Amino acid sequence: MTVALAPPALTPTAGGAVSVSVAFPGLVTREGCFHFTCEFLKHVLYQRQQLPLPYEQLACFSQRQLLATPRQDEDVIRKVYASDPDNNKKCQQVLGDLERLFQHLEIMFSLTLVPRVLILLGGTAVSPKELYEINLQGISLGGTKESLQTAACVRKLFHSLFLADVFSDLRAVPTLGVIVMVQGHRNCGIDWFRPKLNYKVPARGRKLTVNLSCSDHGGATLSSNAEVNFALNDYIWFQAPVTVKGFRYFS
Amino acid sequence: MDEAADDLKQDPLNDCESLQIHVEVHQKPNSTVKKEDIKGSILRLLNRHNIVFGDYKWTEFDDTFLTNNVQSVAVVDTELKLKERQPIYLSDCNLFIHIFHLNEEGPSTENLEEENENIIAANHWVLPAAEFHGLWESLVYEHEVKSDLLDYVTTTLLFSDRNVNSNLISWNRVVLLHGPPGTGKTSLCKALAQKLTIRLSHSGKLVTKMFQKIHEFIDDKDTLVFVLIDEVESLTAARNSFRAGTEPSDAIRVVNAVLTQIDQIKRFPNVVILTTSNITEKIDMAFVDRADIKQYIGPPSTAAIFKIYLSCLEELMKCQIIYPRQQLLTLRELEVIGYVENDVSKLSLVLKEIARKSEGLSGRVLRKLPFLAHALYVQTPNVAMAAFLQALSLVVDKQFEERAKLSDCV
């Protein structure tokens, strides 16, 4: 399947808030939504200097190190970066936290519709330094057969982000705590995430919103989905109980 | 809130009809049910248990819905309104039910803007915080202190809410608590912020230290922001001493900056500035004038000391360090029986004597004495009440001896 590339819509709004809209030409799966969230989170972590290497590389690198089968081309990196046991420990910690986060996100997406996800950098959940939002309210869900391939959609998402060039003019930041908030149904039964009944999306800090939607399809969007609309106040925020702490090789 | 009161109002002839009773409901951290649903169950619970004598806390429920969703239900602060302990008929009272979730996260720190800066500019708590849970109850003062502070801040926020013109009636949103060290001024500020967040069922924040970026925190109009400035005399040492030539000019600039900041902040309707000081004389008069409430927090009275000890012993019995459990009488109960010594009152009278000779010690010292008593004179995993009281008595004497030695050295 090919995914048509529409020019990304980049809309700067008041107060340093920027939004990027991505329209997928068809239905997507729930699992797909989980992958968009995951990949975007990994991307933000690397782009905002909370990880010294892109997540996949870091994970792969660290695993090989654990297996202790060094390859020639890695020797230099190993010597420079990873010889420090402190770095290694921090790296394992971050990877462990993220892995757990991804596992539970996957469960969350399978249990409930997720209209919005927030990635908060620095500060607290109510006053972060930077806020990244994935808005899935325009998404239309479908089964595996009738939906677009997830990989193609992820490519389209990143292509849009790349064209919108949202990360290049940001100031460098120190390592920060990263909090993930997920909106889900009150009765979805997830027990890992902590419900935050009074949570309001903060207005403080820099904000980037990625609006995902589906165009030309037969199905209804998430926001026009009867279930969601019927009880929008039954959708509450959940906070991941881990704060992922970014790290650097040189500090 | 009103329909809650209507539900329970059956006999409006009773004299405590207008009595306002606050019920704090601590929702379990993983509970996601709506407040309205909890409220219904709570009202049914209170209907079944219609009479309480003073403060009362439920932690076990026969209703499975409450068991699953609620940690505790507490009728609180009745002693702030009622001088005498008397039966309270909940169905006749004006009930205010506050349902809250605690935030388990600790404070987050706000660093200075510069790169790689490790200087902490501010601590920042999201209220109500788990860290401050139970703090309010642990602070023992004369009745008026706590209720005055609550009433003051409530009025402050009411005036802001109704948009009272601040040029005609001026109020500054500044509270100054002063008094000797260890009397719980800082704790009281924190507890007050927590209490008000729960009471007004706002979301709240407590910010310490930082002044410069405070505006960013205030922006959200729905959030109550408490700014805690500890030891305010260090920031606002009297400018008079500058005229006497003993204060460097930098210090003057700091005072001026702080005063200007306060004047700016007080325009925001959702801010309360809480300050504490050990040395009131040193504070700049211009600052003292800005504080609407200047509350002296003194060392605890014998009655307060007794209460503090009682709560300490209760905790040790709960943790089974003091074992077996012994029922201790309160001062009022002792008074009722006329301080007659018998099997029931014996231990309580011993405690009263210890409280009497502890007079002059600060709350901070008092709260650590049970620990010292155990460490120095007990050392076994569990101990009987009588033996523990003996140890406590010894440790109080030792405390005064040490004090005498210290003052001799000086």
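Anything mentioned here points back to the structure above.
Residues numbered from 1 in each chain as written. Chains lettered and ligands numbered in written order. Predicted model: local features only at pLDDT ≥ 70, side-chain atom pairs only at ≥ 80, totals over all residues. Heavy atoms only, no water.

Draft legend 1. Focus on the overall build of chain A. Within chain A one finds 6 helices and 9 strands. Going through the 251 residues of chain A one by one, you find that 50% of them count as buried. For chain A, the proportion of contacts with a sequence separation of at least 24, taken over those separated by at least 6, is 83%. Put simply, chain A shows about 11,700 Å² of open surface, and 54% of that area lies on carbon and sulfur atoms. (Helix = DSSP H or I, 4+ residues; strand = E, 2+ residues; numbered from the N terminus. Buried < 20%, exposed > 50% of the residue type's maximum accessible area, 1.4 Å probe, protein only. Contact = heavy atoms within 4.5 Å. Areas by Shrake-Rupley, 256 points an atom, 1.4 Å probe, with all protein chains shown as cover.)

Draft legend 2. Up close: the overall build of chain B. Check the secondary structure of chain B and you find 16 helices and 13 strands. Surface exposure of chain B reaches about 20,600 Å², of which carbon and sulfur atoms provide 51%.

Draft legend 3. Spatial organisation of the interface of chain A and chain B. If you look at the interface, chain A gives 21 residues, while chain B gives 25 residues. For the pairing of chain A and chain B, the buried interface totals around 1,900 Å² over both sides, and the portion due to carbon and sulfur atoms is 46%. The tally of links between chain A and chain B comes to 1 salt bridge. Between A:Asp234 and B:Lys34 there is a salt bridge, with its nearest N and O atoms 3.4 Å apart. Classifying every residue of the side of chain A that touches chain B gives 6 nonpolar, 7 polar and 8 charged. (Buried area = accessible area lost by both parts, 1.4 Å probe. Salt bridge = Lys/Arg side-chain N within 4 Å of Asp/Glu carboxyl O. Nonpolar A, V, L, I, M, F, W, Y, C, P; charged D, E, K, R; others polar.)

Draft legend 4. Layout of the nonpolar core. One finds A:Phe24, A:Leu98 and A:Leu212 to be the most contacted residues of the largest nonpolar core, which totals 63 residues. The element contributing the most residues to this core is helix α4 (residues 85–111) of chain A, with 9 residues. Setting aside chain neighbours within four positions, we find A:Leu212 in contact with A:Val22, A:Phe24, A:Phe36, A:Ile134, A:Asn135, A:Leu136, A:Gly138, A:Ile139 and A:Leu157. Residues B:Val140, B:Phe306, B:Leu351 and B:Val395 belong to the second largest nonpolar core, which totals 34 residues. (Core = buried A, V, L, I, M, F, W, Y, C linked by side-chain atoms within 4.5 Å.)

Draft legend 5. Structural context of the packing of helix α14 (residues 346–357) of chain B against helix α16 (residues 385–409) of chain B. All names here are of chain B. Direction vectors running N to C along α14 and α16 enclose 10 degrees, while the axes themselves pass 10 Å from each other. What the angle tells us is that α14 and α16 run roughly parallel. On α16, the residues that touch Leu347, Val350, Leu351, Ile354 and Lys357 of α14 are Met385, Ala386, Leu389, Leu392, Ser393, Val396, Asp397 and Phe400. Residue composition of the contact of α14 with α16, grouped by class: 10 nonpolar, 1 polar and 2 charged. (Axes fitted to C-alpha atoms, helices over the stretch in contact; angles between N-to-C directions. Parallel < 35°, antiparallel > 145°, perpendicular 65-115°, else oblique.)

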